[in-house]
Amino acid sequence: MEILILGGTAWLGRELSREAIRRGHRATCLARGESGQVTEGARLVTADRSGPAPYAPLLDRTWDAVFEVSWQPGFVRDALAALGGRARHWTYVSSINAYASHSEPDADESAPLLGPTAEREADRTLYGEAKVACEQASAEAVGDRLLTVRPGLIGGPGDPSGRSGYWVARAARAPKSPLLVPDTPRLPTQTIDVRDLTAWLMTMAEERAAGTYDAVGRTTPFADWIAASREIGGHTGPVVPAPSNWLLAQGVAQYMGPESLPQWLVEPGSEGWSTRNGTAARKTGLGLRPLTETLSDTLAWERTQDLHRPRRAGLTPARERELLTALG
């Protein structure tokens with residue numbers, strides 16, 4: 001198959017192209033090339049999607065499958081106008097951020113969406129609304145050739161956000177030191193391994209499957225995530241639980257970003273964030289590997305990046321020590 005990935009040098013796009021090459025397909029990636037290298041065997045077409053005629057080099061053939069991951073409505077509409085008629089199948093990778101509410105556990109694809117933004121280029125505060133606008137533009141342009149996928153949190157080896165690797169890397173970085181954790185053992189977590197996601201996306205494209213699916217991992221209690229991370233990381237030091245209200249009062253960020261505790265989300269209205277149903281995608285063949293495999297492979301990748309590097313998510317060692325001291 002001739003596979004086109006609009007992107008391809010950032011994490012998800014690169015993993016898609018790797019999966020395509022692994023299956024013997026020909027993969028072309030349209031990207032600026034600033035987020036990294038394309039996977040070995042893929043072809044990079046360098047273009048700035050905000051510039052003039054970025055899709056001109058792609059108009060010389062019909063594409064068996066196109067994968068679009070952008071959340072900018074203008075980029076998505078322009079790509080559809082240029083390439084929609086040249087694609088036998090189109091996948092738009094959206095997000096569960098498109099849903100209007102995250103308060104209901106076990107919600108599925110029938111849940112209401114946010115209203116679409118009218119902006120051509122949106123900022124991060126309109127991420128969910130922008131994804132909805134991109135979904136609607138895709139449906140209007142390619143109709144029954146469209147697969148719309150709404151992933152939850154994506155994790156695994158290569159995760160640039162630092163979220164899925166924080167706890168296992170922290171366990172391995174200081175295996176005998178006290179480990180500060182939120183006192184939320186039953187809090188749900190839900191992460192899909194990027195390799196499971198991309199394998200399923202490629203199979204769905206090969207089968208020209210259409211429809212809308214949430215692609216999410218198994219719901220796992222926070223305590224189980226910590227226990228698996230400690231076992232795989234070799235952590236034997238004490239675990240020090242801290243109340244959520246206390247952590248919030250200390251300015252610890254939830255879920256993502258600097259000086260955060262990944263997977264920890266206690267914001268009112270987020271009760272269903274990590275408990276989406278996901279049954280529809282699993283019925284089509286989405287397979288989910290064990291959490292222990294994801295964490296083991298993620299730790300191996302984390303070691304290649306340096307466990308002591310500055311992270312995009314998680315507490316720094318100094319901040320963790322400061323909080324432990326304050327907790328007494």
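In what follows, the accompanying structure is described. Since the model is a prediction, treat every value here as computed from it, not as a measurement.

**Quick look at the overall build of the protein chain**
- When helices and strands are tallied, the protein chain shows ten helices and 14 strands.
- The C-alpha atoms of the protein chain give a radius of gyration of 20 Å, which matches the 20 Å a tight globule of 328 residues would have.
- For the protein chain, the C-alpha atoms occupy an extent of roughly 65 × 40 × 35 Å along the three principal directions.
- Burial status across the protein chain gives 53% buried among its 328 residues.
- Accessible surface, the protein chain: about 14000 Å² in total, of which carbon and sulfur atoms supply 50%.

**Focus on the sheet that holds strand E5 (residues 90–93)**
- Pairing in this open sheet of seven strands is parallel, and the strands run E3-E2-E1-E4-E5-E6-E10 from one edge to the other. Both edges of this open sheet fall to strand E3 (43–46) and strand E10 (211–215), since each of them pairs with a single strand only. Geometrically, the sheet is characterised by an average inter-axis angle of 20° between neighbouring strands, direction not taken into account.
- The pairing of strand E6 (residues 146–151) with E10 spans five bridges and is parallel.

**Notes on the sheet that holds strand E9 (residues 188–193)**
- Here three strands make up an open sheet; going across it, the order is E7-E9-E11 and the pairing mixed. At either end of the open sheet lies a strand with only one pairing partner, and these are strand E7 (153–155) and strand E11 (219–221). Looking at each pair of strands side by side, their axes are set apart by 50° on average, direction ignored.
- Contacting E7 and E9, helix H5 (residues 194–206) crosses the sheet at an angle of about 55° to E9.

**Quick look at the side chain of Asp159**
- Of note, Asp159 is situated in the loop between E7 and helix H4 (166–173).
- No salt bridge is formed by the buried Asp159; its nearest oppositely charged neighbour, Arg163, is found at 5.3 Å.
- Those residues in contact with Asp159, other than ones at most four positions away along the chain, are Trp11, Ile154, Ser164, Gly165 and Trp301.

**Concerning helix H3 (residues 127–142)**
- For H3, spanning 16 residues, the distance from its first C-alpha to its last is 22 Å, which sits close to the expected 22 Å at 1.5 Å a residue.
- For H3, the set of buried residues is Tyr127, Gly128, Ala130, Lys131, Val132, Ala133, Cys134, Glu135, Ala137, Ser138 and Val142.
- Contacts from the buried residues of H3 go to helix H2 (73–83), E5 and E6.
- Directly beyond the C-terminal end of H3, a positive phi value near 50° is found at Gly143.

**Examining the packing of H2 against H3**
- Interaxial distance between H2 and H3 falls to 9 Å at its minimum, and their mutual angle equals 10°. Accordingly, the angle class assigned to the pair H2 and H3 is roughly parallel. Residues Pro73, Val76, Arg77 and Leu80 of H2 form the contact with H3, whose own contacting residues are Ala130, Ala133, Cys134, Ala137, Ser138, Ala141 and Val142.
- For the contact of H2 with H3, the residue count by class is nine nonpolar, one polar and one charged.

Parameters at a glance
Residues numbered from 1 in each chain as written. Predicted model: local features only at pLDDT ≥ 70, side-chain atom pairs only at ≥ 80, totals over all residues. Heavy atoms only, no water. Helix = DSSP H or I, 4+ residues; strand = E, 2+ residues; numbered from the N terminus. Rg over C-alpha atoms; globule rule 2.2 N^0.38 Å. Buried < 20%, exposed > 50% of the residue type's maximum accessible area, 1.4 Å probe, protein only. Areas by Shrake-Rupley, 256 points an atom, 1.4 Å probe, with all protein chains shown as cover. Pairing = 2+ DSSP bridges. Axes fitted to C-alpha atoms, helices over the stretch in contact; angles between N-to-C directions. Contact = heavy atoms within 4.5 Å. Lys, Arg positive; Asp, Glu negative; His and termini not counted. Salt bridge = Lys/Arg side-chain N within 4 Å of Asp/Glu carboxyl O. Expected span 1.5 Å × (residues − 1). Parallel < 35°, antiparallel > 145°, perpendicular 65-115°, else oblique. Nonpolar A, V, L, I, M, F, W, Y, C, P; charged D, E, K, R; others polar.

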